[in-house]
Amino acid sequence: MTSKGVIAGNTPRGEGLITKNGFNAYSILVNPLPRMVAGPGAVSTVGKEVLALGRKYAMIVTDPGLTKAGLTGQLVTALKSTGVEVDVYDQVSANPTFQNVRDGIDVLLKRPINETTIVSLGGGSSMDCAKAISVIGSDGTRGSDGKYDIRSYCRYPVLGTDDKIEPSSMVPAVLPQKPGVPIIAIPTTSGTASETNGGAVITDSDAQIPRKLIFSDGSAQAKVNILDPELTLGLP
């Protein structure tokens, strides 16, 4: 790791591979890690990072608890201090759902998508939801009912007649044709490591019996991680 937190490597970031291995029909190479800005008060640099990505709008994706705790407001202030305009989606569930993703996309599309950065604030749930919003909001595939077809972007494993997972079900029905909106990840917990990759777990809230599905796309990996230990001080 260099002094700037960049990990060197020449393997394509988040490259997807279709394999002949029956169980792991879709594999992800995770390399290198996003650039990191770390230290007490590091969250104050978020506006500078948005501008460095060539964007002037930021959409915060977080949960009601962090808004209530005042962390969302702190982040809004930091962004606005550098002239970045801000929208907030703070209704992410503890286990993010298809509906969370759709509601977040509605907020994302209020601004020009090519001028916006998503800033995920929180634990794995907020970061996972932000990834799906980023890619599906950019790619924009809708179902026959006019809703964003979240399920088609996910791996939906089903059992074959031999009681083994059908390999084809581990490949999403829709592979994104456009890269996701750039993400800056600001974790407030230590443990999920969701900020390091493009994978997510999203609950299929459209199903009669909700189930968790896997979403993954290389472009959903954060461009920058801001690691501020002061954001963890109020954790229960």
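Residues numbered from 1 in each chain as written. Predicted model: local features only at pLDDT ≥ 70, side-chain atom pairs only at ≥ 80, totals over all residues. Heavy atoms only, no water.

*Asks:* What exactly am I supposed to notice about the pattern of salt bridges here?
*Replies:* Proximity of charged atoms lets side chains of opposite charge pair with each other. Counted under the stated rule, the structure contains 7 salt bridges. Here Arg102 and Asp206 are joined by a salt bridge, their closest N and O atoms 2.7 Å apart. A residue pair is termed long-range when its members are at least 10 positions apart, and Arg102 in helix H4 (residues 98–108) and Asp206 in the loop between strand E9 (199–203) and strand E10 (212–216) qualify at 104 residues. Assessed through its relative accessible area of 41%, Asp206 is described here as partly exposed. Note that Lys131 and Asp128 form a salt bridge whose closest N and O atoms lie 3.9 Å from each other. Here the residue Lys131 and the residue Asp128 both occupy positions in helix H5 (residues 124–139), the gap between them amounting to 3 residues, near one helical turn. Take Lys131 and Asp128: they sit in the same class, and that class is buried. (Salt bridge = Lys/Arg side-chain N within 4 Å of Asp/Glu carboxyl O. Helix = DSSP H or I, 4+ residues; strand = E, 2+ residues; numbered from the N terminus. Buried < 20%, exposed > 50% of the residue type's maximum accessible area, 1.4 Å probe, protein only.)

*Asks:* Please explain the sheet that holds strand E11 (residues 224–227) as it appears in this structure.
*Replies:* Backbone-to-backbone hydrogen bonds pair the strands of a sheet. The strands run either parallel or antiparallel. Pairing in this open sheet of 6 strands is parallel, and the strands run E3-E11-E8-E6-E4-E5 from one edge to the other. For this open sheet the edge positions go to strand E3 (35–38) and strand E5 (85–89), each flanked by a neighbour on one side alone. On average, each strand axis in the sheet is inclined to that of its neighbour by 20°, with strand direction left out of account. Across 5 bridges, the pairing between strand E6 (residues 116–122) and strand E8 (residues 183–187) is parallel. Looking across to E8, one finds that Val119 is bridged to Ile184. Here H5 sits on the sheet and contacts strand E4 (57–61), E6 and E8; the angle it forms with E6, its principal contact strand, is near 160°. (Pairing = 2+ DSSP bridges. Axes fitted to C-alpha atoms, helices over the stretch in contact; angles between N-to-C directions. Contact = heavy atoms within 4.5 Å.)

*Asks:* I would appreciate a short explanation of the sheet that holds E10 in the present structure.
*Replies:* The antiparallel open sheet is built from 3 strands, whose spatial order is E7-E10-E9. Lying at the two open borders of the sheet, with one neighbouring strand each, are strand E7 (154–155) and E9. Where E7 and E10 come together, 2 bridges link them in antiparallel fashion. By the bridge assignment for E10, Arg155 is matched with Ile214. Strands in contact with H5 are E9 and E10; relative to E9, the strand with the most contacts, it is inclined by about 95°.

*Asks:* Explain H5 to me, please; I cannot follow it from the model alone.
*Replies:* Count 3.6 residues to each turn of an α-helix, and residues three or four apart come out pointing the same way. If you check H5, its first and last C-alpha atoms are 23 Å apart, about what 16 residues at 1.5 Å a residue would give, namely 22 Å. Counting buried positions along H5 gives 15 out of 16 residues, so the element sits mostly inside the fold. A positive phi of about 75° marks Gly140, the residue just after H5. (Expected span 1.5 Å × (residues − 1).)

*Asks:* Mind showing me how you'd approach the pairing of E6 here?
*Replies:* On any regular strand, side chains alternate: one points to one face of the sheet, the next to the other face. When you tally the buried positions in E6, you get 7 out of 7 residues, the bulk of the element. The sheet contact formed by E4 and E6 spans 5 bridges and is parallel. Counted as the bridge partner of Met59 is Ile118 from E6.

*Asks:* What should I look at first to understand the nonpolar core in this one?
*Replies:* In summary, soluble globular proteins display a tendency toward joint burial of nonpolar side chains. Core analysis: the largest hydrophobic core is formed by 31 residues, its most contacted members being Met59, Val61, Val101, Ile118, Ile133, Ile136 and Phe215. Listing elements by their share of this core, those giving two or more residues are E4, H4, H5, E8, E9 and E10. The element best represented in this core is H5, accounting for 7 residues. Apart from residues lying up to four places away in sequence, Ile136 is in contact with Val101, Ile105, Tyr148, Ile150, Tyr153 and Phe215. Judged by nonpolar contacts, the second largest core, of 22 residues, contains Leu75, Val84, Val119 and Ile186. (Core = buried A, V, L, I, M, F, W, Y, C linked by side-chain atoms within 4.5 Å.)

*Asks:* Could you clarify how one ought to interpret helix H3 (residues 71–80) in this entry?
*Replies:* Three or more residues of H3 are buried, namely Leu71, Thr72, Leu75, Val76, Ala78 and Leu79. Projection of H3 onto a plane perpendicular to its axis shows the buried side chains occupying an angular sector of 165°, all on one side. Turned more than 90 degrees off the buried face of H3, the exposed positions are Thr77 and Lys80. Buried-residue contacts for H3 involve helix H1 (46–52), E4, helix H2 (64–68), E5, E6 and E8. (Arc of directions from axis to C-beta.)

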